Every structure is written in structure tokens, then in C-alpha cells.
Amino acid sequence: MKQVFDYLETVDMAATVCDKEGLVVYQNQRAIKRDGDVMGKNLYNCHGPKAGAMIRHMIETGTTNTYQIVRHGKHKLLHQAPWYDESGAVAGLIELAIDLPDNMPVFDRDNA
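Residues numbered from 1 in each chain as written. Predicted model: local features only at pLDDT ≥ 70, side-chain atom pairs only at ≥ 80, totals over all residues. Heavy atoms only, no water.

What follows covers the side chain of Gln80. The residue Gln80 is located in strand β4 (residues 74–84) in this model. Gln80 sits in the buried class, given a relative accessible area of 12%. A polar side-chain atom of Gln80 sits 2.9 Å from a polar atom in the side chain of Glu95. The contact partners of Gln80, leaving out residues within four places of it in the chain, are Met58, Thr64, Asn65, Tyr67, Ile94 and Glu95. (Helix = DSSP H or I, 4+ residues; strand = E, 2+ residues; numbered from the N terminus. Buried < 20%, exposed > 50% of the residue type's maximum accessible area, 1.4 Å probe, protein only. Polar contact = N/O pair within 3.5 Å; in protein donor to acceptor, adjacent residues only side chain to side chain. Contact = heavy atoms within 4.5 Å.)

Written as C-alpha cells, this is what we have:
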């Protein structure tokens, strides 16, 4: 597979990419530090049935999933989105895990 994710090594977030079979094909160093090196492992073996069903659904339909978690006392935003091959077909998923500040401002651009 052509390596096109090198720029993700320079961002302050964890990035993990899987193919459409659920095999992890890329992790940046921050994701490896967070989850350990899971390159070549299958996401379906690392997640329970509910999460596995969500992964399958996103790959089959090309939908995204975004949510917040608290891990080790820190709020994080997780965004999972499909990535596409040259023909435009879903090729797998990319997950970005972003640390959120404790007091993150919200700006209402509709009523500015």
C-alpha cells in the first residue's frame, strides 16, 4: 500500500487507519503510545460486539461516527470516518483521537 499518511506524525492527535476488513494498516506514534502497536491486527478482535457492528456499518455505508470520552481524567474527541480508494469505494476507516482542553470555548457563528 502506498504510504500517504506521513503528515499525521506531525499532528498532536492519535491517528489509526484500518482497511475494509478491519486490519490496522497505519498508526502514528501517538496512537502507538496510546494503544500499543496493533499494526496488522484486526479491530474486530479488539472491540466488543456493539463496537464491531458500528465499525462494519461505517465501512458498509461510508458513514462517520463522532463522540467524546473521558480517559485518564482527560476529555477526548474521537472522529471515525471512511477513507476511499482510487475508484471512490470505501477502503477502510481512519480514527482521530484529539485531546480537548478542560474549558473548551464554544463560538456560536450563527448568532455572532
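There is more to say, and it comes next.
Per the stated rule, a full pass over the model turns up six salt bridges. With a closest N to O distance of 2.1 Å, Arg30 and Asp12 form a salt bridge. Here Asp12 lies in the segment before β1 (14–19) and Arg30 lies in helix α1 (residues 29–35), a separation of 18 residues in the sequence. For Asp99, the salt bridge is made with Arg30, and the minimal N-O distance between the two is 2.2 Å. A residue pair is termed long-range when its members are at least 10 positions apart, and Asp99 in strand β5 (residues 90–99) and Arg30 in helix α1 qualify at 69 residues. Judged by its relative accessible area of 26%, Arg30 falls in the partly exposed class. Salt bridges here are not isolated pairs; linked through shared partners, they connect Asp12, Arg30, Lys76 and Asp99. (Salt bridge = Lys/Arg side-chain N within 4 Å of Asp/Glu carboxyl O.)

With that out of the way, let us pick up the layout of surface pockets. Taken as a whole, the largest pocket holds about 550 Å³ of empty space. Taken together, 25 residues form the lining of the largest pocket, with Leu43, His47, Tyr67, Gln80 and Glu95 sitting closest to its centre. When residues of the lining of the largest pocket are traced back to their parent elements, those giving at least two are β1, α1, α2 (43–46), α3 (49–61), β3 (65–71), β4 and β5. The element that contributes the greatest number of residues to the lining of the largest pocket is α3, accounting for five residues. (1 Å grid on protein atoms, 1.4 Å probe; cavity = no way out; pocket = protein on both sides within 12 Å on 5 of 7 lines; lining within 4 Å. Points joined across faces, edges and corners; volume = space filled by probe spheres on them.)

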